[in-house]
Amino acid sequence: MRQLNKDDLPLLVRELREFIINIVATKEGHLGASLGVVELTIALHYVFNTPEDLLIWDVGHQAYGHKILTGRKDIFHTNRQFGGISGFPKRNESEYDTFGVGHSSTSISAALGMAIASKLKGDFKKHYIAIIGDAFIASGMAFEGLNHAGVTDANLLVILNDNAIGIDPSVGALKQYLTNVKIGAQKQDNIFEALNFNYSGPIYGHDIYKVISELERLKSIKGPKFLHLITTKGKGLKQAEDNQVKYHALGKFDAKTGEILSKSGFIQQPPKYQDVFGYTIVELA
Ligand SMILES: Cc1ncc(C[n+]2csc(CCOP(=O)(O)OP(=O)(O)O)c2C)c(N)n1
């Protein structure tokens, strides 16, 4: 892929998105998050020398494109099936999966730990990149990682994939702050610069050329860096963009229309186990 001409990348973007939609439509799984980072995923593997440079995806539910691009295209239809590949990055599955994930907010600390460890071994060349969503950067452990990284000279790049939603729309003061940054109303100090990060953004994350040129620029800057990307969860499938909560993870759907399917046709599926469990617990409470 790194040998492709930059002009060919928009076609790859389309193909990768289509591939993810077609497989998840029949095999189920996380959808919106992976669709939102297609450009970023391609740009990261294009600009950085993976797997020598290390990508650490927070949670890893958005890493379908990463898996497909790193040798697992032909087995991606086994995603989350018994005996098949994992729905999250898994170290024994691929050398490109640098950290076992599933639970959130670990990526920054993990990347920082790896960066410090290789410096101790005398390796100063690699890049360490944590990709984290706006929901989970507000978690305690992510903040602990930022707080620690800011007093090191680690070659760490933290990429905030800001789509203003987790499973439900994001809430809280940090979300408000990020919104202010996006609308250009933030007059106060930049919180990430205050933590000693070289901040860049906000950048529109669906312009592959912009993302590539910014990653190339950041690659030559030493120390902790922070890239703020604005993306749309579910990008490329209208229904998933319009119903981001429902299309975070879902059952089978029509790949063309995005309509959610059941075995008997275009009707709602029965409630999921976790919904029944949740309603029952609330009722009992
Ligand atoms: C500790 C923990 N809590 C909850 C979850 C369930 N979970 C998986 S993805 C997700 C939302 C992630 O939001 P964000 O980080 O903003 O990424 P996005 O999906 O919007 O790209 C949640 C709550 C989890 N994986 N780990």
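Above this note sits the structure.
Residues numbered from 1 in each chain as written. Predicted model: local features only at pLDDT ≥ 70, side-chain atom pairs only at ≥ 80, totals over all residues. Heavy atoms only, no water.

*Asks:* So what exactly am I meant to see when it comes to the packing of helix H1 (residues 9-27) against helix H3 (residues 38-47) here?
*Replies:* Relative placement of two packed helices is described by the angle separating their axes and the distance separating the axes. Between H1 and H3, the least distance of the axes is 9 Å, while the angle of their chain directions is 125°. One finds that H1 runs oblique with respect to H3. The way H1 lies across H3 gives a crossing that is right-handed. Residues Leu9, Leu12, Val13, Leu16, Arg17 and Ile20 of H1 lie in contact with H3, whose contacting residues are Val38, Glu39, Ile42 and Tyr46. Broken down by class, the residue content of the contact of H1 with H3 amounts to eight nonpolar, no polar and two charged. (Axes fitted to C-alpha atoms, helices over the stretch in contact; angles between N-to-C directions. Helix = DSSP H or I, 4+ residues; strand = E, 2+ residues; numbered from the N terminus. Parallel < 35°, antiparallel > 145°, perpendicular 65-115°, else oblique. Left-handed = near helix turned anticlockwise from the far one by under 90°. Contact = heavy atoms within 4.5 Å. Nonpolar A, V, L, I, M, F, W, Y, C, P; charged D, E, K, R; others polar.)

*Asks:* I tried to follow the site of the ligand on my own but got confused; where do I start?
*Replies:* The immediate surroundings of the ligand are formed by 17 residues, with His61, Gly102, Asn163, Ile165 and Lys233 found nearest. Here Asp134 contributes a backbone N or O atom positioned 3.4 Å from an oxygen atom of the ligand. Residue Asn163 places a side-chain N or O atom 2.9 Å away from an oxygen atom belonging to the ligand. Starting from 590 Å² of accessible surface for the ligand in isolation, the protein chains cover 77%. Among the detected pockets, the ligand sits in the second largest pocket. (Near = heavy atom within 4 Å. Polar contact = N/O pair within 3.5 Å; in protein donor to acceptor, adjacent residues only side chain to side chain. Areas by Shrake-Rupley, 256 points an atom, 1.4 Å probe, with all protein chains shown as cover. 1 Å grid on protein atoms, 1.4 Å probe; cavity = no way out; pocket = protein on both sides within 12 Å on 5 of 7 lines; lining within 4 Å. Sits in = over half its atoms within 2 Å of the grid points.)

*Asks:* Any chance you could explain empty space enclosed by the protein here in plain terms?
*Replies:* The gaps left among the atoms become clear once a water-sized probe is rolled over them. Within the structure shown, the criterion is met by two cavities of 30 Å³ or more. For the largest cavity, the calculated volume is near 40 Å³. In terms of lining, the largest cavity is formed by Ala115, Lys119, Asp123, Phe124, Lys125, Lys126, Tyr128 and Asn155. Its residues assigned to classes, the lining of the largest cavity comprises three nonpolar, one polar and four charged. By volume, the second largest cavity amounts to about 30 Å³. As for the second largest cavity, its lining consists of Leu55, Ile56, Trp57, Pro89, Tyr96, Asp97, Thr98, Phe99 and Val101. A class-by-class count of the residues in the lining of the second largest cavity yields seven nonpolar, one polar and one charged. (Points joined across faces, edges and corners; volume = space filled by probe spheres on them.)

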